[in-house]
Amino acid sequence: MLLTFALSSLRFPARKPLSLRLPRLQLRFRTRLVSPSGFRMLPNQQCDKKSKVLVFGAGNFGSCLADHLGDSSHVVYMWSRSENLVKHFNQHHRNPEVLQDHAFAETITAVGPEFPSSDLIRSMDVLLFAIPTEGVRETLTALKPTLDEGRLPLLIFVNKGIEIKTRALTLEIIADTCGPEIAKVATFLSGPSFAKEIVKRQPTSVSVVSLSPDHAEQASQLFHQPWFRCYTGDDPIGVELAGALKNVYAIAAGIAAGLGFENNTRAMLITRGLAEMTRIGTAYGASPLTFLTLAGVGDLFLTCSSPTSRNYTVGYRLGQGEKLDHIIKTLGSVAEGVTTAKGLKAIVDELGVAAPIASGVYDVLYEGRAVEERAHELLSLPPIRELDLSVEGGKPAKRLMQKLGLDG
C-alpha cells in the first residue's frame, strides 16, 4: 500500500516523441528532411519530370545545389578539377574540401578531373555553372563545340561577379562564347543563400531570371521545393549586377566591424550600399526594382550581416589590420568581392556615377589606402540627397541587348 502510494506520488517528466529525442541522429543521416528544430517539410510533388543535371564546380555553392537537386530525385553529376575530390566523393558521398560534415545525396556522381566528355554533356537536360566568374569564359569556350542548339540543355548560372579584363557580365560572356541565341535563353539564380544552410534544408528563397520567361520558369520548377522557394523575373542584367556588387559592400561592412563599429553603422552601410547599387544599376540600364528583390536587398542584407560570409570576413580582417595578401592566402575559398571591386571601379568611372563606398573599398584593396583614413574620409563627406537615381544612361545594357539582337 505504502509502495503504491509512493510510486503514484512521483512526478516523471513527460517522454518526448522519438523524433524529438534524437535530433542529432536524424540530422546526421538525413539532414535533407529535418531541420534542427524538428520542423518537417515534405518534398514538392508538383513536378514529375526528373532531369539529368551536370554541375560545373564542386565548391560550396555547387555542392549544395547538387545535393538539393539530387535530393529532389534528379540524377546529378558534379564536375571537379580535383582527382582526390572525385574519388573521395564517389566512395564516401562527402566532399573533402567543403561542407565536410554533410552526407550528400546518393544520386550524385562526381566526375573529373578531365573536362566532361561530349557524350555526357549531350545526354544532360541541365547544365549548371557554379564556378568563379573569371573561369566562365574558358569553360564555355571548351563547352561550345558539344552544344547542339537543336537540343539545347537548360543553362543555369549561379556565379556572381564581373570579368575583370573585359568588365563583362556573365550574360555577355555567354554571348561572346556561345552566341546570342544561347545567351537569350540562359538563366540566372541568385539570392540570400548560404550553402551550409541549404544542405540543412533551412527555408531559403532565390530569384530565377532569364530574358526568356519560359526558361526562367523551367529553372524555377527544377529547383523549387518547400525549403527552396523560387521567384522568377526577366532582368538578368540587374540580377547579375546586384549579385556582383553586394560582395563589395559586404567587404565594407566587414571593415566597419573590424574597426569596432556596431549595428547603427552596419545598417547605414547596408542602406547606403543599396542606394549605390541601385544608382549604378539604373545608370547601367537595369530596372531599379530588381535591387529590391531577393537577388538585390535580400542578398545584400545576408552578406553584410553574417560573419560567415567570405567577403565580410575579408573586410573584417582588413579592419583588424591584416594585409590583403595574407588574408587571401589563408582564407581557404574565393571571395569574389575582391576581384569584383576592380571591375566595378572601371564601370563606375565609365558611367560617371557617385559610388563613394565602392570606391573606398577599391582604394583599400588596390591603392594601399589605410582603412581608418579611408573610413574617416567617407564619414566626412557633405550631406546629399538620399534618393538620386539616374534618369539617363543605360548605354552598357543597350550595347549588350544589341549584341543579342534585341532592342535596347
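Here the structure is shown first, and the text comes after it.
Here the structure is a predicted model, which means the values were calculated and not measured. (Residues numbered from 1 in each chain as written. Predicted model: local features only at pLDDT ≥ 70, side-chain atom pairs only at ≥ 80, totals over all residues. Heavy atoms only, no water.)

S.K.: Quick rundown of the overall build of the chain? Include the residues and the values.
M.R.: From N to C terminus, the chain includes 20 helices and eight strands. Counting all 408 residues of the chain, 52% fall into the buried class. For the chain, the share of sequence-separated contacts (at least 6 apart) that also reach a separation of at least 24 residues comes to 73%. A total of about 19800 Å² of accessible surface is found on the chain, and carbon and sulfur atoms cover 55% of it. (Helix = DSSP H or I, 4+ residues; strand = E, 2+ residues; numbered from the N terminus. Buried < 20%, exposed > 50% of the residue type's maximum accessible area, 1.4 Å probe, protein only. Contact = heavy atoms within 4.5 Å. Areas by Shrake-Rupley, 256 points an atom, 1.4 Å probe, with all protein chains shown as cover.)

S.K.: Describe in detail the packing of aromatic side chains, supporting the description with residues and values.
M.R.: Enumeration according to the criterion identifies nine aromatic pairs in this entry. Their ring planes at 70 degrees and their centres at 5.5 Å tell us that W79 and F115 sit as a pair that is edge-to-face. Here the residue W79 occupies a position in strand β2 (residues 75-79), and F115 occupies one in the loop between β3 (108-111) and α6 (118-122), the gap between them amounting to 36 residues. Overall, the relative accessible area of 4% leaves W79 in the buried class. For F115, a relative accessible area of 29% gives the class partly exposed. Ring-pair connections join several aromatic residues into one group, and the members of that group are F56, W79, F115, F129, F157 and F188. (Phe/Tyr/Trp six-rings, centres within 6.5 Å; stacked < 30°, edge-to-face > 60°.)

S.K.: Outline the packing of helix α13 (residues 263-284) against helix α18 (residues 356-366), supporting the account with residue identities and numerical values.
M.R.: It is the contact of α13 with α18, at a shortest axis distance of 8 Å, that shows an interaxial angle of 100 degrees. Put simply, α13 runs roughly perpendicular to α18. From α13, L269, R272, G273, E276 and R279 reach across to α18, where they touch P356, I357 and A358. For the contact of α13 with α18, the class distribution of residues is four nonpolar, one polar and three charged. (Axes fitted to C-alpha atoms, helices over the stretch in contact; angles between N-to-C directions. Parallel < 35°, antiparallel > 145°, perpendicular 65-115°, else oblique. Nonpolar A, V, L, I, M, F, W, Y, C, P; charged D, E, K, R; others polar.)

S.K.: So what's going on with unusual backbone geometry? Which residues, and what values?
M.R.: Following G112, the chain continues to P113 via a peptide bond in cis, the omega torsion being 5 degrees. Mapped onto the elements, P113 comes out in the loop between β3 and α6. Although it is not a glycine, H93 adopts a positive phi angle of roughly 55 degrees. With respect to the helices and strands, H93 occurs in the loop between α5 (83-92) and β3. A positive phi angle is found at R167, which is not glycine, with a value near 60 degrees. Of the residues examined, R167 reaches a relative accessible area of 31% and is grouped as partly exposed.

S.K.: Provide a residue-level description of the side chain of S51, including the pertinent values.
M.R.: With respect to the helices and strands, S51 occurs in the loop between α3 (23-30) and β1 (52-56). Discounting residues that sit within four places of it in the chain, S51 has contacts with H74, V75, D125, V126 and L222.

S.K.: Outline the pairing of β2, listing residues and values.
M.R.: Inspection of the sheet shows β1 paired to β2 by five bridges, in the parallel sense. Paired with L54 across the two strands is Y77, which belongs to β2. Taken together, β1, helix α4 (residues 60-71) and β2 form a β-α-β motif whose crossover is right-handed. Two strands pair when backbone bridges link them, and β2 and β3 are joined in this way by four bridges, in the parallel orientation. Within β3, the position partnered with V76 by the bridge is I108. (Pairing = 2+ DSSP bridges. Right-handed = clockwise from strand over helix to strand, strands pointing away.)

S.K.: Account for the environment of K403, naming residues and giving values.
M.R.: Following the sequence through the fold, K403 ends up in helix α20 (residues 395-403). Separated by 227 residues in the primary sequence, K403 and D176 place their C-alpha atoms 9.0 Å from one another. With residues near it in sequence (within four places) discarded, K403 still touches E172, A175, D176 and P180.

S.K.: Explain the sheet that holds β3 to me, and be specific about the residues and the numbers.
M.R.: The strand order β3-β2-β1-β4-β5-β6-β7-β8 describes an open sheet built from eight strands, whose pairing is mixed. Both outer strands of the open sheet, β3 and β8 (228-233), are each paired with one neighbouring strand and no more. Each neighbouring strand pair of the sheet contributes to a mean axis angle of 25 degrees, computed without reference to strand direction. Bridging between strand β7 (residues 204-210) and β8 involves six bridges; their strand directions are parallel. By the bridge assignment for β8, V209 is matched with G233. The strands touched by helix α14 (residues 294-305) are β6 (187-190), β7 and β8; relative to β7, the strand with the most contacts, the crossing angle is about 145 degrees.

S.K.: Describe the environment of P203, listing the residues and the values that go with them.
M.R.: The topology assignment puts P203 in the loop between α10 (195-198) and β7. With a relative accessible area of 61%, P203 lands in the exposed category. Residues P203 and S193, spaced ten residues apart in sequence, show a C-alpha to C-alpha distance of 9.4 Å.

S.K.: Tell me about the nonpolar core, residues and numbers included.
M.R.: In terms of nonpolar packing, the biggest core is built from 81 residues, with L127, I237 and L318 touching the most fellow members. Per element, the largest residue contribution to this core is 15 residues, and it comes from helix α12 (residues 236-258). Apart from residues lying up to four places away in sequence, L318 is in contact with I251, I255, L324, I327, V364, L365 and V371. If you look at the next biggest cluster of nonpolar residues, it comprises 37 residues, including V98, L99, I108 and V206. (Core = buried A, V, L, I, M, F, W, Y, C linked by side-chain atoms within 4.5 Å.)

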